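# Summary of structural features
Below are the chains, spelled out letter by letter.
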Amino acid sequence: MAEWPEMTDRFETLTVHAGAEPDTHTGAVVPAIQMSTTFKQDGVGGLRSGFEYGRSGNPTRLALEQAIATLEGATHGLAYASGLAATQNIFYLLEPGNRLLMSDDVYGGTWRLADKVWRRYGIETDALDLRDLDAVAAAFAGGHPAQMVWVETPSNPMLKVIDISAVARLAAVAGAITVVDNTFATPYIQRPLDLGADLVLHSATKYLGGHSDVIGGLVATRSNALAERLRFHQNAAGAVPSPFDCFLVMRGMRTLAVRMERASANARVLALWLADRPEVERVHYPGLPDHPAAGLVERQMRVPGAMLSFELRGGEEQARRFAGATRLFTLAESLGAVESLIELPAPMTHASVADSPLAVPPNLVRLSVGIEAVEDLRADLEAALAASAS
Ligand code: P1T
């Protein structure tokens with residue numbers, strides 16, 4: 001990977017400038033979308049710019065890879081065609097007979113890939129409550145110790161918060177790799193590599209892209225050895241993003257700090273309001289004083305984020321009526337964009353984990369809170385609660 005200048009500025013400044021050095025030839029302040037699939041060689045194997053073939057590397061993709069490395073405090077960044085393509089690439093680090101420990105609350109597709117695909121190739125995945133550090137220590141110490149631990153924090157959709165430093169310390173002692181899916185938090189809120197994780201992963205489809213208009217995945221690391229193996233598989237397996245998709249993710253990343261600040265402030269207001277409503281049984285939000293990990297949230301996260309979920313007393317039927325009754329919150333899968341979204345995890349994003357240890361309550365509603373005026377969002381939820389009451 002090419003060298004790039006060390007960035008010492010504050011995070012908000014980095015989000016605007018990372019990966020976006022003005023072009024030395026044209027002065028363009030926005031990285032060009034380089035569509036060429038191949039690059040002229042000066043004699044066989046003589047690469048002018050380090051680029052050879054578009055699957056192996058592309059200038060627009062490199063700018064994005066540099067940008068995520070900068071924001072995560074890494075030395076290597078890798079871009080993929082989706083969050084799950086990035087997840088798949090990390091799983092390639094495992095060997096048949098290895099064991100993977102996974103949070104017992106993760107995106108349904110992550111569990112499906114491990115449990116339904118990789119299990120067939122001899123990788124055993126166990127779901128574990130990674131908040132229980134004694135259980136984590138035991139899983140690394142037993143007769144069949146794990147080689148990798150998969151931390152998703154805050155988790156999708158129950159907003160569990162896991163102590164990254166503590167898990168990474170236990171994994172390091174056992175020689176295991178700690179992976180943190182940082183999709184819900186983003187590097188604006190927490191930087192897992194600073195806390196001892198080996199790899200950080202993103203569905204760039206979410207907050208990094210930020211506008212519901214691009215599917216992408218990213219990985220960042222400080223380990224030369226892991227980066228080398230990941231880059232080999234990135235090219236060998238080929239699930240790379242298009243240059244245009246890389247451009248869109250970078251365009252979104254420029255405003256990450258302001259979007260996260262605003263969306264998180266909105267979510268806090270809505271979580272507090274929902275927690276007081278008689279129709280609501282329980283709210284899951286890391287910013288509530290009664291969140292089970294409130295102290296850890298203070299230490300580990302800059303702000304509590306913009307994802308929340310809650311359980312309705314009226315059960316699954318009320319949850320379905322409620323999700324169909326909002327006006328501003330659009331009923332749709334995905335999260336992390338400027339517009340607010342609502343979904344029911346059990347029949348939607350987590351349908352693939354029904355009948356597994358990761359099954360979620362049927363009356364659970366998940367909100368991805370956007371950057372609209374919070375008074376309008378609250379009024380929308382209030383009207384939907386009234387409409388769903390009967
Ligand atoms: O959709 P894709 O870009 O492949 O990313 C997968 C993924 C990985 N990690 C987390 C924490 C995720 O939430 C996701 C995708 N999640 C949804 C589509 C969703 O609505 O929860």
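The structure presented is a predicted model; accordingly, all values stated were derived computationally and were not measured. (Residues numbered from 1 in each chain as written. Predicted model: local features only at pLDDT ≥ 70, side-chain atom pairs only at ≥ 80, totals over all residues. Heavy atoms only, no water.)

## Comments concerning the nonpolar core
One finds Leu274, Leu308, Phe310, Phe322, Val365 and Leu367 to be the most contacted residues of the largest nonpolar core, which totals 64 residues. No other element matches helix 10 (residues 256-275), which puts nine residues into this core. When residues of this core are assigned to domains, at least three map to each of domain 1 (11-253) and domain 2 (256-389). In terms of nonpolar packing, the next biggest core, distinct from the first, is built from 27 residues, Met102, Trp118, Leu226 and Val353 among them. (Core = buried A, V, L, I, M, F, W, Y, C linked by side-chain atoms within 4.5 Å. Buried < 20%, exposed > 50% of the residue type's maximum accessible area, 1.4 Å probe, protein only. Helix = DSSP H or I, 4+ residues; strand = E, 2+ residues; numbered from the N terminus. Domains from an automatic or database assignment.)

## Overview of unusual backbone geometry
Cis geometry marks the peptide bond from Thr153 to Pro154, where omega comes out at -10°. Residue position: Pro154 is located in the loop between strand 4 (148-152) and helix 6 (164-173). The amide bond that connects Asn156 to the next residue, Pro157, takes the cis arrangement and shows omega of 10°. Mapped onto the elements, Pro157 comes out in the loop between strand 4 and helix 6.

## Describing the side chain of Thr87
With respect to the element layout, Thr87 can be found in helix 3 (residues 83-91). Sequence-distant contacts of Thr87, defined by excluding residues within four places in its chain, comprise Thr110, Leu113, Trp150 and Leu201. (Contact = heavy atoms within 4.5 Å.)

## Some words on the sheet that holds strand 5 (residues 177-181)
The strand order across the open sheet built from seven strands is 1-7-6-5-4-2-3, with neighbouring strands paired in mixed fashion. Of all strands in the sheet, those with a lone pairing partner are strand 1 (76-80) and strand 3 (124-128), marking the two edges. Across the sheet, the mean angle separating the axes of adjacent strands is 20° when strand polarity is ignored. By the bridge criterion, three bridges tie strand 5 to strand 6 (residues 199-203) in an arrangement that is parallel. Across the sheet, the residue bridging to Val180 is Val200, located in strand 6. Strand contacts of helix 2 (residues 59-71): strand 1, strand 6 and strand 7 (217-221), with the helix running at about 125° to strand 1, the strand carrying the most contacts. Sheet contacts for helix 3: strand 1, strand 2 (99-103), strand 4, strand 5, strand 6 and strand 7; angle to strand 6, the most-contacted strand, approximately 155°. (Pairing = 2+ DSSP bridges. Axes fitted to C-alpha atoms, helices over the stretch in contact; angles between N-to-C directions.)

## Quick look at the environment of Pro96
Relative to the assigned elements, Pro96 resides in the loop between helix 3 and strand 2. It is 34 Å that separates the C-alpha atoms of Pro96 and Tyr207, two residues lying 111 residues apart in sequence. Residue contacts for Pro96: discarding those within four places in its chain leaves Tyr121, Gly122 and Ile123.

## A few points about the packing of helix 3 against helix 4 (residues 108-117)
At a closest axis distance of 10 Å, the pairing of helix 3 and helix 4 adopts a crossing angle of 35°. Both helix 3 and helix 4 take part in a crossing whose hand is right-handed. Residues Leu84, Thr87, Gln88 and Phe91 of helix 3 lie in contact with helix 4, whose contacting residues are Gly109, Thr110, Arg112, Leu113 and Ala114. Taken together, the residues of the contact of helix 3 with helix 4 sort by class into four nonpolar, four polar and one charged. (Left-handed = near helix turned anticlockwise from the far one by under 90°. Nonpolar A, V, L, I, M, F, W, Y, C, P; charged D, E, K, R; others polar.)

## Some thoughts on the packing of aromatic side chains
Overall, the coordinates contain eight aromatic pairs when judged by the stated rule. Ring centres of Phe244 and Phe247 lie 6.2 Å apart, and the angle between their planes is 20°; on these two criteria the pair is classed as stacked. Residue Phe244 and its partner Phe247 are both found in helix 9 (residues 243-253); the two are separated by three residues, about one turn of the helix. Its relative accessible area of 42% is what places Phe244 among the partly exposed residues. Ring pairing ties together the aromatic residues Phe91, Tyr92, Trp118, Tyr121 and Trp150, which thus form one cluster. (Phe/Tyr/Trp six-rings, centres within 6.5 Å; stacked < 30°, edge-to-face > 60°.)

## Some remarks on the domain arrangement of the protein
What the domain assignment lists for the protein is domain 1 (11-253) and domain 2 (256-389). Relative placement of domain 1 and domain 2: their C-alpha centres are 26 Å apart. Counting the surface lost from both domain 1 and domain 2, the interface buries some 3400 Å², and carbon and sulfur atoms represent 63% of this. Interface area lost by domain 1 to domain 2 is led by Tyr188, Ile189 and Tyr207, which between them contribute 23%. Summed over the shared surface of domain 1 and domain 2, the number is two salt bridges. Among the ionic pairs, Glu12 bridges to Arg302, the shortest N-O distance being 3.0 Å. (Buried area = accessible area lost by both parts, 1.4 Å probe. Salt bridge = Lys/Arg side-chain N within 4 Å of Asp/Glu carboxyl O.)

## What about the site of the ligand?
By nearness alone, 17 residues border the ligand, and Asp181, Ser203, Thr205, Ser334 and Arg366 come closest of all. Between the ligand and the protein, one listed contact pairs an oxygen atom with a side-chain N or O atom of Ser203 at 2.8 Å. With the chains in place, 93% of the 480 Å² that the ligand exposes on its own is no longer accessible. Across the shell around the ligand, the residue classes tally to three nonpolar, nine polar and five charged. Two domains each provide a minimum of three residues to the shell around the ligand, namely domain 1 (11-253) and domain 2 (256-389). (Near = heavy atom within 4 Å. Polar contact = N/O pair within 3.5 Å; in protein donor to acceptor, adjacent residues only side chain to side chain. Areas by Shrake-Rupley, 256 points an atom, 1.4 Å probe, with all protein chains shown as cover.)

## A look at the environment of Arg321
Tracing the sequence through the fold places Arg321 in helix 12 (residues 315-323). What makes Arg321 partly exposed here is its relative accessible area of 33%. Distance from Arg321 to Leu226, taken between C-alpha atoms, is 47 Å for residues 95 residues apart in sequence. Ignoring sequence-local partners within four residues, the contact set of Arg321 consists of Ser388, Ala389 and Ser390.

## Section: the side chain of Gln300
Its location among the elements puts Gln300 in helix 11 (residues 294-300). Classification of Gln300 by relative accessible area gives buried; the value is 8%. Within the structure, the side chain of Gln300 is placed 2.8 Å from the backbone oxygen of Ile162, a separation counted as a polar contact. Here the side chain of Gln300 touches Ile164 through a polar contact of 2.9 Å, landing on its backbone nitrogen.

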